[in-house]
Amino acid sequence: MAIRTYGLMGVDWEERVQFERRRNERLARTKKQLKQSELGALLCFDMNNIRYITATHIGTWRWTS
């Protein structure tokens, strides 16, 4: 009997991470929190926050420190 190994690549025989669902949930969570706050908008500079909220990777052109 074979042992299943769960890798990083997508396969057709099992459901793994649902990236689209994760993106939608994160954006919805951010919009909900923004609506509940007194803020009118968010301005994010931290790459981790930008990627979490928008699922966008800025790339290697960002500033270095």
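Residues numbered from 1 in each chain as written. Predicted model: local features only at pLDDT ≥ 70, side-chain atom pairs only at ≥ 80, totals over all residues. Heavy atoms only, no water.

Now for helix α2 (residues 47-54). Here α2 has its buried residues at M47, I50 and I53. Looking straight down α2, one finds that the buried residues subtend no more than 140° of arc, so they occupy a single side. Its buried side turned inward, α2 meets α1 (19-36). Of the residues flanking the start of α2, the one acting as N-cap is D46, its side-chain oxygen 2.8 Å from the backbone nitrogen of N48. Two residues or fewer after α2 comes A55, characterised by a positive phi angle close to 60°. (Buried < 20%, exposed > 50% of the residue type's maximum accessible area, 1.4 Å probe, protein only. Helix = DSSP H or I, 4+ residues; strand = E, 2+ residues; numbered from the N terminus. Arc of directions from axis to C-beta. Contact = heavy atoms within 4.5 Å. Polar contact = N/O pair within 3.5 Å; in protein donor to acceptor, adjacent residues only side chain to side chain.)

With that settled, consider the pattern of salt bridges. It is possible for side chains bearing opposite charge to pair when their charged atoms get close. Enumeration over the complete set of coordinates arrives at 2 salt bridges. Of the charged contacts, one joins R23 and E20 as a salt bridge, the two residues approaching to 2.8 Å between their closest N and O atoms. Separated by 3 residues within a single helix, R23 and E20 lie in helix α1, roughly one turn from each other. Accessibility expressed as a relative area gives 48% for E20, which makes it partly exposed. With its nearest N and O atoms 3.1 Å apart, the salt bridge here joins E25 to R21. Note that E25 and R21 are positioned in helix α1 at a spacing of 4 residues, about one turn of the helix. Overall, the relative accessible area of 37% leaves E25 in the partly exposed class. (Salt bridge = Lys/Arg side-chain N within 4 Å of Asp/Glu carboxyl O.)

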